[in-house]
Amino acid sequence: MALPLRSAVPRRNAFHLPRRCRASTTNSRTPLLFRPVSSSSSSSSPLPIVRTCPEPTCACAPTPPMPDGLPIDRENPLNATMAAYAQQVLISTGRNDWSSRIEDDGVGESWGALARGLKGLIGRGGKYADPYNNVVLTNSSFAPSADPSSGFASAFIFPAFKYVPFIPISSSISSSEADLETFVRAMLLPHELHHAHSAVPEPRRRDMTRAPDLVAHFPDMIDIKQSPTILICGHGGRDMRCGIMGPVLRAEFQRVLEQRGFSTNNQDEDGTRKVDGPNHANLGLISHIGGHKFAGNVIIYLPPGLRTSSSASPSSTIATSPNPLAGKGIWYGRVEPKHVEGIVDETILRGRVVADHFRGGIGMDGEIYRL
């Protein structure tokens, strides 16, 4: 059964570029709750699981060999190796790999400016730095809606399940114009401050909490309700294990998802960016999320409107029910091509966690799941 176990106390600032992810930070809307995952499918269990990944039913890509001296860690447990966080910002770069430190990448392009600007605002010493509001910053291979040389960038926010196509990257001298600070206040600050901030003066408390009215400055924002988002670490600029495994896994996920009736092309016929819709999945590579030794590393965000199917196709006419994992993010490690079919069928289509590969999970309210 789901038991609130403890809240965690961070030791450092909560803004994390992925290379500095730590598991000691908390969500600020409520104290961070660690919930154990049960194998029971009863309503008292937070997440249903299947212990092992099913064997593939057809031929899949072989597992690529790893570089000498960089083996996959197959001994240490995966459970609880996901760093606790409140939100993950996925910056759309249109690239498949990045520099080791992503904040040093994208010079002269808006997506690089977005990473550096966010670090300046909510990183250590920033105006909105809060050790209880852990925001993970990650680059992704998704193509941006905004022109890279414009004054705007594009990003996904999880587990809020939002896509913001036009984020201003500059600071505005006019209070009536949206800028990057407007984005932070509208989307990334906590709804309520952690109780450790009880001595903070009220004016400062208001500055440190989210301002929902500012969302109106982002009329093009899309709520992702139906499309699962599958993210695979492919950051070869940091570690070649993920650099080698990531592209192979992306190809295998694309093959299996399309067999199951999903589209994975993130562009509609009219050229507009497609991020949500029935029978569509967002599939991309991302930068370092911690745990290269557990490659392949995969995150699956299952949107709140996702439904299960008793067949192997999401477009089946067979009656469906709400996916038990809807509204959650599931982290997997040690994923090989032979596991992809089982993960798609069990997690995306049936709503069950594959325990053998489970690193951790997160809910829309910031609750963290462990085995």
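From a predicted model like this one, the values you see are computed outputs, not experimental measurements.

### Observations regarding the overall build of the chain
- When helices and strands are counted, the chain shows five helices and 17 strands.
- Across the 371 residues that make up the chain, the buried fraction comes to 54%.
- A sequence separation of at least 24 residues applies to 73% of the contacts in the chain between residues at least 6 apart.

### Here we look at the packing of helix 4 (residues 240–259) against helix 5 (residues 337–349)
- Contact pair helix 4 / helix 5: the axes reach a minimum separation of 9 Å and the direction vectors enclose 50°. Taken together, the axes of helix 4 and helix 5 are oblique relative to one another. Pair helix 4 / helix 5 crosses with right-handed handedness. Residue-level contacts link Met245, Val248, Leu249, Glu252, Phe253, Val256 and Leu257 of helix 4 to Pro337, Val340, Glu341, Ile343, Val344 and Ile348 of helix 5.
- A per-class count over the contact of helix 4 with helix 5 returns 11 nonpolar, no polar and two charged.

### Observations regarding helix 1 (residues 110–122)
- Across its 13 residues, helix 1 extends 18 Å between first and last C-alpha, which sits within 8% of the 18 Å expected from 1.5 Å per residue.
- Taken together, the buried positions of helix 1 are Ser110, Trp111, Gly112, Leu114, Ala115, Leu118, Leu121 and Ile122.

### A few points about the environment of Asp179
- Its location among the elements puts Asp179 in the loop between strand 7 (162–168) and helix 2 (180–188).
- Its relative accessible area of 10% is what places Asp179 among the buried residues.
- Along the chain, Asp179 and Gly151 lie 28 residues apart, while their C-alpha atoms are 9.8 Å from each other.
- Among the polar contacts listed, one links the side chain of Asp179 to the backbone nitrogen of Glu181, at a separation of 3.2 Å.

### What to know about unusual backbone geometry
- Cis geometry marks the peptide bond from Phe158 to Pro159; its omega dihedral reads 5°.
- In this structure, Pro159 sits in the loop between strand 6 (152–158) and strand 7.
- Despite not being glycine, Phe161 has its phi angle at roughly 55°, a positive value.
- Secondary-structure assignment places Phe161 in the loop between strand 6 and strand 7.
- A positive phi angle, near 60°, is found at Asn279, a position not held by glycine.

### A word on the pattern of salt bridges
- For the structure on display, the rule yields 17 salt bridges.
- Close ionic contact of Glu109 with Arg95 constitutes a salt bridge, the shortest N to O distance being 2.8 Å. Within this pair, whereas Glu109 is found in the loop between strand 4 (87–92) and helix 1, its partner Arg95 is found in the loop between strand 4 and helix 1, the two being separated by 14 residues in sequence.
- Two residues, Glu103 and Arg101, come together in a salt bridge whose shortest N-O distance is 2.8 Å.
- Classification of Glu103 as buried rests on a relative accessible area of 4%.

### Quick look at the side chain of Ser140
- Tracing the chain through its elements places Ser140 in strand 5 (residues 135–140).
- Every residue in contact with Ser140, bar those within four places of it in the chain, is listed here: Leu90, Ile91, Ser92, Thr93, Gly94, Arg95, Trp98, Leu285 and Ile286.

### Description of the packing of aromatic side chains
- Under the counting rule described, the total for this entry stands at nine aromatic pairs.
- Where Tyr85 meets Trp331, the ring centres are 5.7 Å apart and the plane angle is 45°; that geometry is what we call tilted. Of this pair, Tyr85 sits in the loop between strand 3 (49–50) and strand 4 while Trp331 sits in strand 14 (residues 328–332); the two residues are 246 residues apart in sequence, bridging distant segments of the chain. For the pair Tyr85 and Trp331, a shared accessibility class is recorded, and that class is buried.

### Overview of the pairing of strand 14
- Along strand 14, five of the five residues are buried, which leaves the element largely enclosed by surrounding structure.
- Judged from the five bridges that link them, strand 11 (residues 298–302) and strand 14 form a sheet pairing that is antiparallel. If you follow Ile299 over to strand 14, its bridge partner there is Trp331.
- Here strand 14 runs beside strand 16 (residues 358–363); their pairing, made up of five bridges, is antiparallel. Of the residues in strand 16, the one forming a bridge with Tyr332 is Phe358.

### Structural notes on the nonpolar core
- Counting residues in hydrophobic clusters, the biggest one holds 33 residues, and the most contacted among them are Ile230, Phe253, Leu257, Val298 and Tyr332.
- Of all the secondary-structure elements, those providing two or more residues to this core are strand 3, strand 9 (229–233), helix 4, strand 10 (282–286), strand 11, strand 14, helix 5 and strand 15 (353–354).
- Excluding its chain neighbours within four sequence positions, the residues that come into contact with Val298 are Ile230, Leu231, Ile232, Leu249, Phe253, Ile330, Trp331, Tyr332 and Val335.

### A look at the confidence of the model for the chain
- Per-residue pLDDT for the chain has a mean of 86; in total, 82% of the residues score no lower than 70.
- This model gives residues 1–32 a pLDDT under 50, and the stretch forms 114 contacts once residues within four places in sequence are excluded.

### Comments concerning the packing of helix 1 against helix 2
- Across the interface, helix 1 lies against helix 2 with an axial gap of 10 Å and an inter-helix angle of 70°. By the criterion of interaxial angle, the relationship of helix 1 to helix 2 is roughly perpendicular. Pair helix 1 / helix 2 crosses with right-handed handedness. Contacts between helix 1 and helix 2 involve Leu114, Gly117, Leu118, Leu121 and Ile122 on the former and, on the latter, Leu180, Glu181, Phe183, Val184 and Leu188.
- For the contact of helix 1 with helix 2, the class distribution of residues is eight nonpolar, one polar and one charged.

Reading the values: rules and limits
Residues numbered from 1 in each chain as written. Predicted model: local features only at pLDDT ≥ 70, side-chain atom pairs only at ≥ 80, totals over all residues. Heavy atoms only, no water. Helix = DSSP H or I, 4+ residues; strand = E, 2+ residues; numbered from the N terminus. Buried < 20%, exposed > 50% of the residue type's maximum accessible area, 1.4 Å probe, protein only. Contact = heavy atoms within 4.5 Å. Axes fitted to C-alpha atoms, helices over the stretch in contact; angles between N-to-C directions. Parallel < 35°, antiparallel > 145°, perpendicular 65-115°, else oblique. Left-handed = near helix turned anticlockwise from the far one by under 90°. Nonpolar A, V, L, I, M, F, W, Y, C, P; charged D, E, K, R; others polar. Expected span 1.5 Å × (residues − 1). Polar contact = N/O pair within 3.5 Å; in protein donor to acceptor, adjacent residues only side chain to side chain. Salt bridge = Lys/Arg side-chain N within 4 Å of Asp/Glu carboxyl O. Phe/Tyr/Trp six-rings, centres within 6.5 Å; stacked < 30°, edge-to-face > 60°. Pairing = 2+ DSSP bridges. Core = buried A, V, L, I, M, F, W, Y, C linked by side-chain atoms within 4.5 Å. pLDDT = per-residue confidence, 0-100.

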